[in-house]
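Structure at a glance
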Amino acid sequence: MKNWIIVLLIFTVPLAVFAWLETNSGKSVAKETVTSETVAKNDAVEGTSLAKHTNPVTTAKPRVLKFSSPMCSDCKKVSGEMVKVVPDYKDAITFEEVNVTDGTKESAAAVKDYKVTVVPTLIFIAKDGKIVRKAEGFLTESEIRTHLDTIK
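Structural notes, computed from the coordinates.

The next point concerns the packing of aromatic side chains. The relative placement of two aromatic rings is captured by the distance of their centres and the angle of their planes. As enumerated under the stated definition, the model contains one aromatic pair in all. Measuring from ring centre to ring centre gives 6.0 Å for Phe-67 and Tyr-114, while their planes differ by 55 degrees; the resulting arrangement is tilted. Of this pair, Phe-67 sits in strand E1 (residues 63–68) while Tyr-114 sits in the loop between helix H4 (105–113) and strand E3 (121–125), and the two are 47 residues apart along the sequence. Judged on exposure class, the residue Phe-67 and its partner Tyr-114 are both buried.

Here we take up the pairing of E1. Within E1, six of the six residues are buried, which leaves the element mostly enclosed by the surrounding structure. Of the two faces of E1, the one lined by Arg-63, Leu-65 and Phe-67 and the one lined by Val-64, Lys-66 and Ser-68 are each fully buried. Viewed along the sheet, the connection from E1 through helix H3 (residues 73–89) into strand E2 (residues 94–99) turns out right-handed. In the sheet, E1 pairs with E3 via five bridges, with the strands oriented antiparallel. Each bridged residue has a counterpart across the sheet, and for Val-64 the counterpart in E3 is Phe-124.

Calculation criteria
Residues numbered from 1 in each chain as written. Predicted model: local features only at pLDDT ≥ 70, side-chain atom pairs only at ≥ 80, totals over all residues. Heavy atoms only, no water. Phe/Tyr/Trp six-rings, centres within 6.5 Å; stacked < 30°, edge-to-face > 60°. Helix = DSSP H or I, 4+ residues; strand = E, 2+ residues; numbered from the N terminus. Buried < 20%, exposed > 50% of the residue type's maximum accessible area, 1.4 Å probe, protein only. Right-handed = clockwise from strand over helix to strand, strands pointing away. Pairing = 2+ DSSP bridges.

Coordinates in, geometry out; function isn't part of it.
Okay, structure coming up:
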């Protein structure tokens, strides 16, 4: 019986402390994402409304949807790679980010519609609304550029 109590304490106490710190820190986890900060500094995001994410639609420009989570280390690495390429493509392609952990109905609908099961996921959408490529996991700068050139 003592072993179960010890195991319970080892797992629940740190989780409870973490949850308490998150709720009392006054910061939203969604605002701490590296992509939001770095992309905003480079003025690369044209729109973050998820209303247009729910169904692929024809748009004036191709789009890249980045599905990520603020606590995902690979998402932060991809953000670093994206920052390198966004300035070269921001006039030709719309870049948007979907935080899969923000709890909104719009982001949940986008995750469901695009069948996202892994973060980070980059979805490259042509002007006609067709998904050209769905890349899951970490991508290097050169891989991202290759995919962007296919929808440009």
